[in-house]
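Read off the chains here:
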Amino acid sequence: EDIVLGVKKATFLLPFRNMENWYKSVREWHAMKMRLARSNITGLPRGKGKTLKELSDWFCWHVERVRDIVKRNPRHVLVEYD
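Residues numbered from 1 in each chain as written. Predicted model: local features only at pLDDT ≥ 70, side-chain atom pairs only at ≥ 80, totals over all residues. Heavy atoms only, no water.

**Overview of the side chain of N73**
Inspection of the secondary structure puts N73 in the loop between α4 (52–71) and β2 (77–81). Overall, N73 belongs to the buried group, its relative accessible area being 10%. At a separation of 2.7 Å, a polar atom in the side chain of N73 contacts the main-chain carbonyl oxygen of I69. Residues in contact with N73, not counting those within four places in the same chain, are V4 and L5. (Helix = DSSP H or I, 4+ residues; strand = E, 2+ residues; numbered from the N terminus. Buried < 20%, exposed > 50% of the residue type's maximum accessible area, 1.4 Å probe, protein only. Polar contact = N/O pair within 3.5 Å; in protein donor to acceptor, adjacent residues only side chain to side chain. Contact = heavy atoms within 4.5 Å.)

Structure below.
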């Protein structure tokens, strides 16, 4: 939300991939799954994100959150792609 509030007008890009393919990428890319689980990311508390379900739930929550934030700030544009 800080980014949205910090600029007057912006275009945000939001990738949305097949969850199983995304999870495979996260699991195989330079210990990303472990780094996500060790981090304290908004909506993904430390220790969570070790399973496909936990990461899928978080990612879907994140997408909905981004959509809502941009919707409440109509000066911004959201582009979703896969």
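**Section: the pattern of salt bridges**
Two side chains with opposite charge may pair up if their charged atoms get near one another. Scanning the entire structure with this criterion turns up five salt bridges. Across the pair E80 and R67 runs a salt bridge whose closest N-O atoms are separated by 2.7 Å. Placement of E80 in strand β2 and of R67 in helix α4 is noted, with a sequence separation of 13 residues between them. Judged by relative accessible area, which is 38%, E80 ranks as partly exposed. R72 is the partner of D68 in a salt bridge, and the nearest nitrogen-oxygen pair spans 3.0 Å. On the basis of relative accessible area, D68 is assigned to the partly exposed category, the value being 37%. (Salt bridge = Lys/Arg side-chain N within 4 Å of Asp/Glu carboxyl O.)

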